[in-house]
Number of protein chains: 2
Amino acid sequence: MRGFARRQSVERAIAWLDAQLQPLDPEPVPLRMAARRVLAESITSNVDVPGFDRATMDGYALAAESTEGATSYNRLPLTVIGDSLPGRPFTHHVGAGQAVRIMTGAPMPQGCDAVLPAEWVDSTEATSTLEASRYRARASRVVAVAAVSPGKHVGRRGEDVTQGTTLFPHGRLLRPQDLGVLSSIGVDQVQVYRRPRVRLVVTGNELLPAGSRPHGHCIVDANGPMLAALVERDGGLVDFPSLVLDEHNAILDSLYTDADVVIVSGGSSVGVEDLAPTLLATHGELAVHGIAMRPSSPTGFGRLEHRLVFLLPGNPVSCLCAYDFFSGRAIRALGGLSKAWPYHSIIAKLARKISSPIGRLDYARVRLVDGAVEPIAVGGASILSSTTRADGFVIVPADSEGFAPGSEVEVWLYA
Amino acid sequence: MRGFARRQSVERAIAWLDAQLQPLDPEPVPLRMAARRVLAESITSNVDVPGFDRATMDGYALAAESTEGATSYNRLPLTVIGDSLPGRPFTHHVGAGQAVRIMTGAPMPQGCDAVLPAEWVDSTEATSTLEASRYRARASRVVAVAAVSPGKHVGRRGEDVTQGTTLFPHGRLLRPQDLGVLSSIGVDQVQVYRRPRVRLVVTGNELLPAGSRPHGHCIVDANGPMLAALVERDGGLVDFPSLVLDEHNAILDSLYTDADVVIVSGGSSVGVEDLAPTLLATHGELAVHGIAMRPSSPTGFGRLEHRLVFLLPGNPVSCLCAYDFFSGRAIRALGGLSKAWPYHSIIAKLARKISSPIGRLDYARVRLVDGAVEPIAVGGASILSSTTRADGFVIVPADSEGFAPGSEVEVWLYA
């Protein structure tokens, strides 16, 4: 029941944290599971895509010189000696005055360097019986009514991906189309940063587990379900076995886990009932405790052996805010993702002032009403519903006394 | 090997599509799985949260009038008769001149209407033996050095959520903090819109399944892995049994599925080898075929019984673009999500011009270089790597001839 002797600035707290954050070791995942994962290797293609020249238009593959001088007044006959379809190439050589019907994407036959589009061909002339028998009934006579230049409507081998090209650097957050390109070069698994395992330790003797009906002087755990969803949003794997009693041994036991990150909710302040900070300081390192921000001032974090341990306030708004400032940042970074907030921001005008003392960062929940930013008047950090009524939040930095009505502020939108 | 007689505008194609889009039927999900799902019911609380008055500060619960007139010059003695902890309330009545040590979040004892913060109390005076015995060794004497007014540092029953309040309308996309609030009111499952089941039908006789090494005149399927990731991004459940041959029966069979949406990739144009449009027109409804856009012009869609069927071009850039314009929109809407693109946009200046003929919408891939928008010069819709080199895309509407260098354009950022 005493205050913090001195609160650390948010910047210094984050500086300590950032110094701990290296992406975890890589693990292989099948391509099918790799969306939104982060590459722990760079990927260089050892093939050309496509692996052959191909038509980029439906028409007739031929030697461009077979069409030289063709116009609608100078119609040049062509003997069509076969078809090239995707996956079913025409395998003979195509000579002068000959052509092969070709579909978009199909391989260019030998002897061909251009595709004459179907609309530049008059195909109404009769089939030549002689040639039809020679090419197994596929031969026919058509007429070119325009010329093409060499290379026209041909996609070159390697035009999409050239062998030896580095397609993705390590650290790449894989998009859907990246998976397409990786598949096209024959990749079936990739090395990505392992997702951090995150143990949730939700303490509070007054808490009932999620799914209970609140009764008597008990309240139902709100932080557990919220933190689980936040951790998963940020790419972590949640380990949340059960609520933990506010007792020395129960909390200490729960800190020793094979998780990479432990998040303790509740009992993070400096009262005699706040066990977690003392336990962490005794058995590991309590690097930060007490932060110059509101809410979330009674937040701490440090290490216990290989684990990062976060001590978040039990008040749910404080818990959310401290998670977003510190734990979420760490979970994203351990998985190779950007440390930045996963929220987008907009600039909008304040409808009413936001005040905040110098020396403390404030996290003000706001609503957007007709495009204007309305701070939500709330009692305190225990009112979680204020964050569900809010569209987002505005940060007042420690060196600011707040913002006057009409000022343009950055609103981070909850997602 | 002929063109479309007439291409539909993107607007008209979307108008047909939107008329088909109702969220699917609801399904119950446990709260733990409900993040990013969309409520198919509105949620009204039938409890107060908290269900009792509680302290919002560590200190001493008492009747405010017991501190009336207290200052550091007028120290008023208080008899501390017990403790109230979260989940462990003090169950006796607190009379005039008495106080109960109380922790943040703990229930207010009977007879108390305020909390005197710990720092306004001098607790160095000795315990009174008489009172200690009466209250089982817990009684002690402290001194108030300041007064509090009634209600001070007390969170009222229902201050977070009042019984009868509608917390979430149906259609709400559930955020992490929403799960916290739902848990706090005793909800353990919610009705959300069912996720659409999406069958992927990837056709192309030249295709090898993802995970193969490209060889000969075959290429490895890029669209399947890309579409699977896109569908999952948009909340769909992917059903992708295997590649499908470009054959009448194989394609027809694959359309009859219990999925809500079928996406066919490849063979969507008007050539004789393009089987899917004819099959859909014969067995169902081909509502849209041929769209005035580039790429993706040979896109079609319609219905087969209860299913929405999308015929997307096999060229991977066209496939991506057509998915984003049409299929993704439908999958999101069926799951109750916003039809809008899941991409954020920024406004930036064009470094080089983008040209586009009137009457056709263009989807131009761009990179951001030092904040300026660089169109990516690419051969065509077969160059999927152009979408991995791109940071996003710019849309040139059908009624525009494009944008001059230096114009400000909206860039949709790939995510």
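See the structure above.
Residues numbered from 1 in each chain as written. Chains lettered and ligands numbered in written order. Predicted model: local features only at pLDDT ≥ 70, side-chain atom pairs only at ≥ 80, totals over all residues.

## Details of the interface of chain B and chain A
Many descriptions give the size of an interface as the accessible area lost when the pieces come together. Taken together, the 73 residues of chain B in the interface contact 74 residues of chain A. At the level of elements, α3 (176–184), β15 (219–220), α4 (223–233), α7 (316–334) and α8 (385–389) of chain B are the ones that each hand at least two residues to the side of chain B that touches chain A. Taken together, the residues of the side of chain B that touches chain A break down into 34 nonpolar, 25 polar and 14 charged. (Contact = placed C-beta atoms within 7 Å. Helix = DSSP H or I, 4+ residues; strand = E, 2+ residues; numbered from the N terminus. Nonpolar A, V, L, I, M, F, W, Y, C, P; charged D, E, K, R; others polar.)

## Some remarks on the sheet that holds strand β6 (residues 98–102) of chain B
Adjacent strands of a sheet pair through backbone hydrogen bonds, lying either parallel or antiparallel. Within the open sheet, the 6 strands sit side by side as β7-β4-β6-β5-β9-β8 (chain B). Their pairing is mixed. Every other strand in the sheet has two partners, leaving β7 (114–117) and β8 (121–122) of chain B as the edge strands with one partner each. (Pairing = 2+ DSSP bridges.)

## Section: the packing of helix α1 (residues 10–18) of chain A against helix α7 (residues 316–334) of chain A
Residues and elements named next belong to chain A. Across the interface, α1 lies against α7 with an axial gap of 11 Å and an inter-helix angle of 20°. Judged by the inter-axis angle, α1 sits roughly parallel to α7. Like other packed secondary-structure pairs, α1 and α7 cross with a definite hand, here right-handed. For the pair α1 and α7, contact is made by Val-10, Ala-13 and Leu-17 and by Phe-325, Phe-326, Arg-329 and Ala-330, respectively. Residue composition of the contact of α1 with α7, by class: 6 nonpolar, no polar and 1 charged. (Axes fitted to C-alpha atoms, helices over the stretch in contact; angles between N-to-C directions. Parallel < 35°, antiparallel > 145°, perpendicular 65-115°, else oblique. Left-handed = near helix turned anticlockwise from the far one by under 90°.)

## What about the sheet that holds strand β20 (residues 300–304) of chain A?
Residue and element names in this part refer to chain A. The strand order across the open sheet built from 6 strands is β16-β13-β17-β21-β20-β18, with neighbouring strands paired in mixed fashion. In the strand order of this sheet, the two ends are held by β16 (237–239) and β18 (285–289), each with one partner. Ignoring strand direction, the axes of neighbouring strands in this sheet form an average angle of 20°. Pairing geometry for β18 and β20, over 4 bridges, is antiparallel. Along β20, the bridge assignment pairs Glu-285 with Arg-303. Contacts from helix α4 (residues 223–233) reach β13 (197–202), β16 and β17 (261–265) within the one sheet, and its direction differs from that of β13 by about 165°.

## Digging into the relation of the copies chain B and chain A
Mapping chain B onto chain A calls for a rotation angle of 180° and an axial translation of 0.0 Å; the resulting RMSD is 0.1 Å. Read as a symmetry element, the transformation amounts to a two-fold axis. In terms of C-alpha distance to the rotation axis, chain B has B:His344 as its closest residue, with the C-alpha 4.1 Å off the axis. Interface overlap between copies: 100% of the residues of chain B at the interface are likewise at the interface in chain A, consistent with a symmetric, same-surface contact. (Least-squares fit on C-alpha atoms with pLDDT ≥ 70 in both.)

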